[in-house]
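Here are the chains, one letter per residue:
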Amino acid sequence: MKYQAPRGVKDLLPPDSETFRRLEDEIREVFGRSGFREVRLPIFESADLFSRSIGESTDIVEKEMYLFSGKGGESLALRPEGTASLIRAAIEHHLAEPGRVERLYYQGPMFRHERPQAGRLRQFHQAGAELLGSSDPDDDVDLIATVSRHAQATNVPASRLLINSMGCPKCRPAYREILVNYLVKNRDLLCETCQRRTETNPLRVLDCKVPSCQPVLEAAPHLVEFLCPESRNHFEQVCRGLEGESLSFTVTHRLVRGLDYYTETAFEWVSDALGAQSTWAAGGRYNGLVRHLGGADVPGVGLAIGLERLLLLRELAGTLPQATRPAVHIAIHPLEETARPYAHRILAALRHQGISAVGIFGQARIKRAFLQAEREGALFIGLLGGDELSAGTITLKHLGSGIQKTLPAFPPEVLAETLRAPWTP
RNA sequence: GUGAGUGUAGCUCAAGGGCAGAGCACUGGACUGUGGCUCCAGGGGUUGGGGGUUCGAAACCCCUCACUCACCCCA
């Protein structure tokens, strides 16, 4: 085997490609019903956009981006996530303006250079929704409800919603200092990675899963206890709103975001039915991001769904959208050389009538032609021999019932109608 | 980036130092303008790749690549 797909990328073949397509369409529908409209974003951007928005000290930027240079030497990157691109586009096209509310969604492949494993690919797909221009906690609640309700309706197994507050630029630095003091005091009890992160990205230490770190981290001060009055109020209203919607959630003090631009509410949906990569959707509020990227002071809240992970869950639940192969209505087989042009004429005429039709040209024996017609999913086979050619007819056989009729091939409107009518004994 | 487990026909898998095999799929025939069933026959492989040990390697050793899972990170 000479060539094979690069590591961590996957070919999606029928019927899996059709199933995936249906899942994407379903998510478009869900976002669309909540008022979001699609933006098509480029697959690469200036590398700088991602390091500025995601954060220099995150793994994504430090070691997982696919970087390359443009002809002019500019530094470009395949997008590792969608929010940065969407916000860039919203600023560029003046959709992120004070007082203006925009609901936008995107969908498509993302790229991160990681070691592949269950639910983790180097090219994977995300669908994300972003609501710009509102800082109202009920918009957080509504966005969360959109995904949670759909998860309920499609029986996503063992799914739990976790939420936390990341605070705001007013209160997070104070908490950060308190946390760093606590971590430094307990430095000897922490793993090497945590010791290093205490300097570089202290909030991430809370996310550590090394067993020996757990007692220290469990006892660490909780961010929610140090929120400023505004942030506290926002978080409480989100919690109350979710309760009002009867959406169950768990406040998880050690839930933090890997991406620096999140403020206030952070949330994610996890499922024990997945492997180690248990998060299938995640999001949060990012009130500082638009300005951070050079736009106006416009708040935002958004989320992204990992489509491959959702697909795994829906497969387990048995609620995957039905993969439908495009139906071939009729397969047309010329029995003699002289009937070939006639076959082409009928194929074109039927397709023009909206009937899907394939030609079977490469089979010398009629038995093979029947087998191929079945394999291609045809409902009918149309046989064209010398008799049909001279009489201007076509011999139709309905493959399901075995009913056979020889009818005029033209006008095509009449033939198309015959093919659409039920053929029962 | 680290670790473990797997790589044999298109697919699912046998053979565990001594002739590389089965089922399904594929191709041809029985069957010349009428399919699915059946029967008969056939094609397919440098055993992921490279090197080594051995009279002899799919098997044992080393390197490498890929897949799977876990760490890490994240959707």
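Here the structure is a predicted model, which is why all the values come from computation and not from measurement. (Residues numbered from 1 in each chain as written. Chains lettered and ligands numbered in written order. Predicted model: local features only at pLDDT ≥ 70, side-chain atom pairs only at ≥ 80, totals over all residues. Heavy atoms only, no water.)

Asker: Looking at this structure, how should I read the pattern of salt bridges?
Answerer: Opposite charge on two side chains lets them pair, provided their charged atoms get close. Across all of its chains, the model carries 19 salt bridges by this definition. The partner of aspartate 140 in a salt bridge is arginine 285, and the shortest N-O contact between them spans 2.6 Å. Of this pair, aspartate 140 sits in helix α5 (residues 137-153) while arginine 285 sits in strand β10 (residues 279-285), and the two are 145 residues apart along the sequence. Using a relative accessible area of 0% as the deciding quantity, one classes aspartate 140 as buried. For arginine 285, a relative accessible area of 0% translates into the label buried. Aspartate 297 serves as the salt-bridge partner of arginine 291, at 3.8 Å between the closest nitrogen and oxygen. (Salt bridge = Lys/Arg side-chain N within 4 Å of Asp/Glu carboxyl O. Helix = DSSP H or I, 4+ residues; strand = E, 2+ residues; numbered from the N terminus. Buried < 20%, exposed > 50% of the residue type's maximum accessible area, 1.4 Å probe, protein only.)

Asker: Where do I start with helix α14 (residues 366-375) in this structure?
Answerer: Listed as buried for α14 are Ala369, Gln372 and Ala373. Taken around the axis of α14, the buried residues stretch over an arc of 105°, which confines them to a single face. Within α14, the exposed residues directed more than 90 degrees away from the buried face are Lys367 and Arg375. Elements in contact with the buried residues of α14: β12 (328-334) and β14 (378-384). (Arc of directions from axis to C-beta. Contact = heavy atoms within 4.5 Å.)

Asker: I tried to follow the protein's contact with RNA strand B on my own but got confused; where do I start?
Answerer: RNA strand B sits among 49 residues. The nearest are Arg112, Arg115, Arg197, Arg204 and Glu374. Backbone atoms, meaning sugar plus phosphate, form 50% of the atoms of RNA strand B positioned within 4 Å of the protein. In this structure, arginine 120 approaches RNA strand B through a side-chain N or O atom, which is 2.7 Å from a base nitrogen. A distance of 2.6 Å separates a base nitrogen of RNA strand B from a polar backbone atom of leucine 399. Those elements that place two or more of their residues in the surface near RNA strand B are α3 (59-64), β6 (123-132), β10, α14, α15 (386-391) and β15 (393-398). Per element, the largest residue contribution to the surface near RNA strand B is seven residues, and it comes from α14. In the surface near RNA strand B, the residues fall into 14 nonpolar, 15 polar and 20 charged. (Near = heavy atom within 4 Å. Polar contact = N/O pair within 3.5 Å; in protein donor to acceptor, adjacent residues only side chain to side chain. Nonpolar A, V, L, I, M, F, W, Y, C, P; charged D, E, K, R; others polar.)

Asker: Is there a simple way to think about unusual backbone geometry in this case?
Answerer: Keep in mind that most residues, glycine aside, have a negative phi and that most peptide bonds are trans. The omega torsion across proline 14 and proline 15 is 5°, close enough to zero to call that bond cis. Among the secondary structure elements, proline 15 is positioned in the segment before α1 (16-33). In this structure, proline 411 follows phenylalanine 410 across a cis peptide bond, with omega equal to 0°. Among the secondary structure elements, proline 411 is positioned in the loop between β16 (404-408) and α16 (412-420). Its identity as a non-glycine residue notwithstanding, asparagine 155 has a phi of 55°, on the positive side.

Asker: Can you walk me through the sheet that holds strand β7 (residues 159-165) in this structure?
Answerer: Read across the sheet, eight strands follow the order β1-β5-β6-β11-β10-β9-β7-β8 without closing on themselves; strand pairing throughout is mixed. On the outer flanks of this sheet lie β1 (37-38) and β8 (250-251), each paired with one strand and no other. Relative to β8, β7 runs parallel, the two sharing two bridges. Looking at β8, one finds that leucine 162 is bridged to threonine 250. Each of β1, β5 (102-111), β6 and β11 (300-306) is contacted by α1, which is oriented at about 5° to β6, the strand it contacts most. (Pairing = 2+ DSSP bridges. Axes fitted to C-alpha atoms, helices over the stretch in contact; angles between N-to-C directions.)

Asker: Looking at this model, I keep getting lost on the pairing of β12. Mind explaining?
Answerer: Every other side chain in a regular strand lies on the same face of the sheet, so the side chains alternate between the two faces. The element β12 is extensively covered by neighbouring structure, given that seven of its seven residues are classed as buried. Bridge analysis of β12 against β14 gives six bridges, and the strand direction is parallel. Following the sheet pairing, alanine 331 is matched in β14 by isoleucine 381. Where β12 meets strand β13 (residues 357-359), three bridges bridge the pair, whose relative direction is parallel. Following the sheet pairing, isoleucine 332 is matched in β13 by glycine 359. In this fold, β12 hands off to helix α13 (residues 340-352), which returns the chain to β13; that crossover is right-handed. (Right-handed = clockwise from strand over helix to strand, strands pointing away.)

Asker: Teacher, can you tell me more about the environment of histidine 113 here?
Answerer: Structurally, histidine 113 is set in the loop between β5 and β6. It is 7.5 Å that separates the C-alpha atoms of histidine 113 and lysine 63, two residues lying 50 residues apart in sequence. What histidine 113 contacts, discounting residues up to four positions off in sequence, is Lys63, Glu64, Tyr66 and Arg122. Side chain to side chain, histidine 113 and tyrosine 66 meet in a polar contact 3.4 Å long.

In short, geometric facts, not functional conclusions.
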